[in-house]
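# Summary of structural features
As a plain string of letters, each chain reads:
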Amino acid sequence: MKKLVMIGNGMAGVRTIEEILKLSPDQFEITIFGQEPHPNYNRIKLSNILQGDTSFEEIIINPLDWYKENKIQLFTGEAVTRIDIEAKKVISDQGREVEYDELIIATGSNSFILPIPGADKLGVTGFRDINDCEMMIKSANQYKKAVVIGGGLLGLEAARGLLNLGMKVDVVHLMPSLMERQLDPIASSLLKAELESQGMNFLMEKETVEIIGDERVAGLRFKDGTFARADLVVMAIGIKSNTSVAKDSGIYVNRGIVVNDYMETSAPNVYAVGECAEHREIVYGLVAPLYEQGRILAERICGIEAAPYKGSVTGTQLKVAGVDLYSAGEIFEDGTTKSIMVYNEYEGIYKRVLVRNNRIVGIVLYGDTKDSTRLFRMLSKKEDITGVAIFESQCSAEGGSGDIASMPNDELVCGCNGVTKGAIVEAIKTQGLTTLDQVSHCTNAGRSCGRCKPMVNDILAYTLGDQFDAAAAQKTSICGCTTISREELIAEIKEKGLTSVKEVMNVLEWNNEEGCTKCRPAINYYLGMIHMDEYKDDRDSRLVNEKMHANIQKDGTYSVVPRMYGGVTTAADLKKIAEVAQKYEVPLVKLTGGQRIGLFGVKREDLPSMWKELDMPSGYAYGKTLRTVKTCVGAQFCRYGTQDSMALGIELEKKFERLDTPHKVKMGVSACPRNCSEAGIKDIGFVGIDGGWEIYVAGNGGVDLRAGDLLATVKTEAEVMEMTGAYLQYYRETANYLERTSKWVERVGLEHVKEVLANEEKRKALNERMNQTLKKYIEPWNEAIESENIKEKYYAVHTVKAGE
Amino acid sequence: MILTKTRTLVANYSNLQVKAGYSVKIDDNEIALFKVSNGNVFAIENRSPHPKGGVLTEGLVSGEFVFCPVYDWKISLADGKVQAPDEGKVKTYQVEVEGNNVYIII
Ligand code: SRM
Ligand SMILES: Cc1cc2nc3c(=O)[nH]c(=O)nc-3n(C[C@H](O)[C@H](O)[C@H](O)COP(=O)(O)OP(=O)(O)OC[C@H]3O[C@@H](n4cnc5c(N)ncnc54)[C@H](O)[C@@H]3O)c2cc1C
Ligand code: SF4
Ligand code: FES
């Protein structure tokens, strides 16, 4: 086998390898060196990580298993320092030497750091890799003020991220308008106004000359003598190709490593691809052209007659929430161009197309970018636009027709990966695809910036017609251990009669034999939900809090929160709590936000005996289950009360306590619309009215504050119980594990839930399954007290002296 | 300096439960002992290398790895290394199993 070596384990390089494997899986023995200690990840999404929308794990494109499956030798955290062109081998910084027959250089680029005094101080960074990103996140925890130098794409995305992290942010820009290379002055000023309203502060036409501070940055000085304070400085003024290895090894380098139309460098059998390469005097900094280069290079290396690479026209978008912007081609009028323009200042929409000789040569869209793919096709294909309506959707922010049927097959849908509508439709038809995930996998569409996903989804819906299942199409695999989605998992459990977590992972061929912290708790939940009362819970597949029946705290101690049904207690219970707290020297006794008492800072080994002495049921303050039912004092005492809220709250809590649910569930019961128990922001809230109860659902008081929606108005407590049982059971059966009711209702639709619950038969069946499930629960604290085995396994600490 | 190593009897092999952490304190060393599915026993320091700390005994065990219960880092029981994308290492201790006796060598 021929030996293929690649320097650089980034987006363009690994894509090239994927293309090579597709064309010719067994032709090469492949070795990859990557300087970063990670597998290939989606650099584009670093902006999303900084903005708090995703996690590092989710942006990994090729997990380590991918390298293994494809028999690729991967050296991470290891840089190649020299290429010996004569001996055809590379040498790494760890002294490793690897010979090659073909060599790809894909070293990307580095952030350009201004060569000014102080640029090496602590707290100054570029924005290029996950390291930079983590450094910024860490800084935001400790410091308040950030300055981003550079009002281009990267700079604005970084600034938005830092705002999300709670910092105050100044953006310094040398020119009078933002993104001046992509936007004309009108679009630029709309953008600036929007970002200012989001909280960014702009320092325009400022040239930074010095970074000041002791060890750490304290501020910046500008050429005009002014000054800005800063605890963190992010330089986002541009990138420079990473060419040092090539240059030092005698390969011809200009701005980048110079390549011909087949990505060949000046050295034999050495190629370059990505941001390190310069083709026809252009170095590209977006993935779309780089992936095109990768495809051509793959054909070349595999010995397939390849069409030459002739360069690319690129389009730009900004990944900042609340900003919809697209630009491609030329921006400025000259004597030979004419503009077609739409400007709706009121709705903040601006579109301009530059035309020369009946052909589009430039596009700027702000506020509504629906036309971008169509216009970009006309631009890149140099279509004659005589008699063509340029802006289909007239000037309004309302979603246009989104008409997939009328979209030509060669229209580009995924700009990053160069995937057309035709290619997507064909893949769906010939390979029987039904989910967005599958389409991405087969065609690459949506695998980079992700902007095209809604349109890919529309194409999927259009192609499948009646067979399209919107909910199922969104499905993704439950974790990295498998490619199976939740729906498939549930179907398989039912079909194959699987009864344990281990069996599921075994039979469904998990690639990680014993699963992980994402899938094991989820499988355990689904099994319990499906098999109702006969399933034996797998305690070791639960995460710490549910396994220990106590909430772990930062120092490894636990909290103990006993039930206090409906927030109602007695003097005797309070006394018991007080005595136990005193005896065990509990560091904190506190009223929780859920109307009960919490004992915090308890040692693990003290848990069982404290529970025993308390002799109260667990309040499950740690579980994916019913937490609390808050009540107001209600008609028993309050002058406005119309219903007995405490009694209903207690009845609900007693009935549904311990029930396993996809995520935690909280309830509130108020006896009148003044709503003193805050029932409007609970998973299920009950509000007493004259002669009945209103039932609100999908409220949330947590991260995404959401007011509940009225599900139904009923007359009696019996109806309340019936409705609640059916609603909760429907949630248990259809929600994804770890999906709270608020998100679930938004996903499946309130109307849909109402429709299901309006059907008496269905309600009855749901309640039957609920009641059967409720039979299996036993009080966990008591169980622990009575079982030596549980006490020894989970709560014992063994102290020995060395040598004994 | 002469380094002496001590062998300490810490547990009864058959009492150790598979996929559950067993916490042992030898003098001042807080140690987490794990028996994994293939029967091997590992001992590591009972402290996550995460900057904010956390214990490991109560973590979820998968193969020869434990997930830190507080911050979900994946840690190798065999060499103590934290798995990518996180970084770090916990101290590992040598374990000897003789008959039904489990020893830790410090
Ligand atoms: C103890 C308590 C705070 C207090 O001192 O009052 C508390 C403590 C914790 N909350 Fe809470 N929450 C407490 C009431 C609330 C409330 C108010 C309420 O229930 O009325 C809310 C907002 C209401 C809601 O959930 O909609 C609340 C929203 C959260 C969230 C965000 C949930 C969301 O969907 O956005 C989390 C994170 C999570 O669950 O993933 C959370 C998580 C946590 C955890 C379990 C974090 C953890 O995993 O360690 C905390 C455990 C601390 C400990 O050491 O035991 N806690 N938490 C309250 C316990 C109530 C009880 O008696 O059971
Ligand atoms: C925050 C951010 C947002 C972005 N947003 C977008 C966007 O919205 N749309 C878009 O199209 N593009 C975007 N980009 C640009 C896109 O990420 C890059 O164009 C793309 O990653 C370039 O791929 P590459 O393989 O050339 O380089 P990289 O992905 O940088 O990969 C190069 C790798 O080589 C390694 N390496 C370097 N030297 C050596 C050596 N000597 N030995 C071993 N390894 C080495 C590096 O460590 C690096 O991991 C964005 C970039 C950033 C940083
Ligand atoms: S909600 Fe109504 S009944 Fe309850 S305390 Fe307030 S006013 Fe009284
Ligand atoms: S357009 Fe970026 S992933 Fe499709």
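Because the structure is predicted, anything quoted here is derived from the model rather than measured. (Residues numbered from 1 in each chain as written. Chains lettered and ligands numbered in written order. Predicted model: local features only at pLDDT ≥ 70, side-chain atom pairs only at ≥ 80, totals over all residues. Heavy atoms only, no water.)

Across a sheet, paired strands are connected by hydrogen bonds in the backbone, their directions being either parallel or antiparallel. Residues and elements named next belong to chain A. In space, the five strands of this open sheet follow the order E21-E22-E25-E24-E23, with antiparallel pairing throughout. The strands lining the two open edges of the sheet, one partner per strand, are strand E21 (315–317) and strand E23 (338–344). Ignoring strand direction, the axes of neighbouring strands in this sheet form an average angle of 15°. Note that strand E22 (residues 325–329) and strand E25 (residues 359–366) share five bridges and pair antiparallel. By the bridge assignment for E25, Ala328 is matched with Ile363. Strand contacts of helix H10 (residues 372–381): E21, E22, strand E24 (349–356) and E25, with the helix running at about 160° to E25, the strand carrying the most contacts. (Pairing = 2+ DSSP bridges. Helix = DSSP H or I, 4+ residues; strand = E, 2+ residues; numbered from the N terminus. Axes fitted to C-alpha atoms, helices over the stretch in contact; angles between N-to-C directions. Contact = heavy atoms within 4.5 Å.)

All names here are of chain A. The topology assignment puts Ala228 in strand E15 (residues 227–229). Each C-alpha atom of the pair Ala228 and Asp170 lies 8.5 Å from the other, and the pair is 58 residues apart in sequence. In contact with Ala228, not counting residues within four places along its chain, are Asp170, Leu203, Gly219, Leu220 and Phe222.

All names here are of chain A. Residues Ile17, Ile83, Val90, Ile104 and Ile105 are the most contacted members of the largest nonpolar core, which totals 49 residues. Not counting residues within four places of it along the chain, the set of residues in contact with Val90 comprises Val5, Ile7, Phe33, Val80, Arg82, Ile83, Arg96, Glu97, Val98, Tyr100 and Leu103. Counting 40 residues, the second largest nonpolar core, distinct from the first, contains Ile130, Leu156, Leu232 and Leu325. (Core = buried A, V, L, I, M, F, W, Y, C linked by side-chain atoms within 4.5 Å. Buried < 20%, exposed > 50% of the residue type's maximum accessible area, 1.4 Å probe, protein only.)

Contact residues are listed per partner, giving 34 residues for chain A and 35 residues for chain B. Taken over both partners, the interface formed by chain A and chain B buries close to 2,800 Å², and the fraction arising from carbon and sulfur atoms is 51%. Sorting the residues of chain A by area buried against chain B places Glu514(A), His798(A) and Val800(A) first, and these three jointly supply 21% of that buried surface. Across the chain A-chain B interface, the total number found is one salt bridge. Note that Arg604(A) is salt-bridged to Glu58(B), the shortest N-O span being 3.4 Å. Inspection of the region where chain A meets chain B yields 17 residue pairs in polar contact (both at pLDDT 80 or more). (Buried area = accessible area lost by both parts, 1.4 Å probe. Salt bridge = Lys/Arg side-chain N within 4 Å of Asp/Glu carboxyl O. Polar contact = N/O pair within 3.5 Å; in protein donor to acceptor, adjacent residues only side chain to side chain.)

Taken as a whole and judged by the stated rule, the model has 54 salt bridges over all chains. One network of salt bridges, in which partners are shared, links Lys351(A), Asp368(A), Lys370(A), Asp371(A) and Arg374(A).

Below, the discussion takes up the pairing of strand E32 (residues 626–631) of chain A. Burial analysis of E32(A) places six of its six residues in the buried class, the great majority of the element. Assessed by its sense of winding, the connection that carries the chain from E32(A) through helix H21 (residues 645–656) of chain A to strand E33 (residues 665–670) of chain A is left-handed. (Right-handed = clockwise from strand over helix to strand, strands pointing away.)

The next subject is the site of ligand 2. Residue and element names in this part refer to chain A. Around ligand 2, a shell composed of 33 residues is seen, among which Ala12, Glu36, Arg128, Glu275 and Lys319 lie nearest. At 2.8 Å, a backbone N or O of Ala12 approaches an oxygen atom of ligand 2. Here Gln35 contributes a backbone N or O atom positioned 3.0 Å from a nitrogen atom of ligand 2. About the coverage of ligand 2: the protein hides 93% of its 1,000 Å² of free accessible area. Elements supplying a minimum of two residues to the shell around ligand 2: helix H1 (11–23), strand E2 (28–34), helix H6 (153–164) and helix H9 (287–301). (Near = heavy atom within 4 Å. Areas by Shrake-Rupley, 256 points an atom, 1.4 Å probe, with all protein chains shown as cover.)

Let us now look at the packing of helix H19 (residues 571–583) of chain A against helix H20 (residues 607–614) of chain A. Residues and elements named next belong to chain A. It is the contact of H19 with H20, at a shortest axis distance of 9 Å, that shows an interaxial angle of 150°. Judged by the angle between their axes, H19 and H20 are roughly antiparallel. For the element pair H19 and H20, the recorded crossing hand is right-handed. Residue-level inspection shows Lys576, Ile577, Val580 and Lys583 of H19 in contact with H20, the latter providing Met610, Glu613 and Leu614. Here the residues of the contact of H19 with H20 are counted per class, giving four nonpolar, no polar and three charged. (Parallel < 35°, antiparallel > 145°, perpendicular 65-115°, else oblique. Left-handed = near helix turned anticlockwise from the far one by under 90°. Nonpolar A, V, L, I, M, F, W, Y, C, P; charged D, E, K, R; others polar.)

All names here are of chain A. Applying the stated criterion to the full structure yields five cavities of 30 Å³ or more. There is about 100 Å³ of room inside the largest cavity. Forming the boundary of the largest cavity are 16 residues, of which Asn524, Tyr525, Asp537, Arg542 and Asp660 lie nearest the centre. Classifying every residue of the lining of the largest cavity by side-chain character gives six nonpolar, three polar and seven charged. (1 Å grid on protein atoms, 1.4 Å probe; cavity = no way out; pocket = protein on both sides within 12 Å on 5 of 7 lines; lining within 4 Å. Points joined across faces, edges and corners; volume = space filled by probe spheres on them.)

Residues and elements named next belong to chain A. Applying the stated criterion across every chain yields a total of 14 aromatic pairs over all chains. Ring centres 5.0 Å apart and planes at 5° place the aromatic pair Trp611 and Trp781 in the stacked group. Of this pair, Trp611 sits in helix H20 while Trp781 sits in helix H26 (residues 780–786); the two residues are 170 residues apart in sequence, bridging distant segments of the chain. Residue classification places Trp781 among the buried positions, given a relative accessible area of 1%. For the cation-ring pair, Arg96 lies above Phe75, with the distance from its terminal atom to the ring centre recorded as 3.7 Å. A cation over an aromatic ring shows up here: Arg674 above the ring of Tyr640, its NZ or CZ 3.6 Å from the ring centre. (Phe/Tyr/Trp six-rings, centres within 6.5 Å; stacked < 30°, edge-to-face > 60°. Lys NZ or Arg CZ within 6 Å of the ring centre and 35° of its normal.)

Before going further, it helps to examine the packing of helix H15 (residues 486–496) of chain A against helix H17 (residues 519–530) of chain A. Each pair of packed helices can be described by the angle between their axes along with the distance between the axes. Residue and element names in this part refer to chain A. Running from N to C, H15 and H17 cross one another at 50°; their axes reach a closest spacing of 11 Å. In terms of orientation, H15 and H17 fall into the oblique class. Handedness of the crossing formed by H15 with H17: right-handed. In this structure, H15 contributes Arg486, Leu489, Ile490, Ile493 and Lys494 to the contact, and H17 contributes Ile523, Tyr526, Leu527, Met529 and Ile530. Broken down by class, the residue content of the contact of H15 with H17 amounts to eight nonpolar, no polar and two charged.

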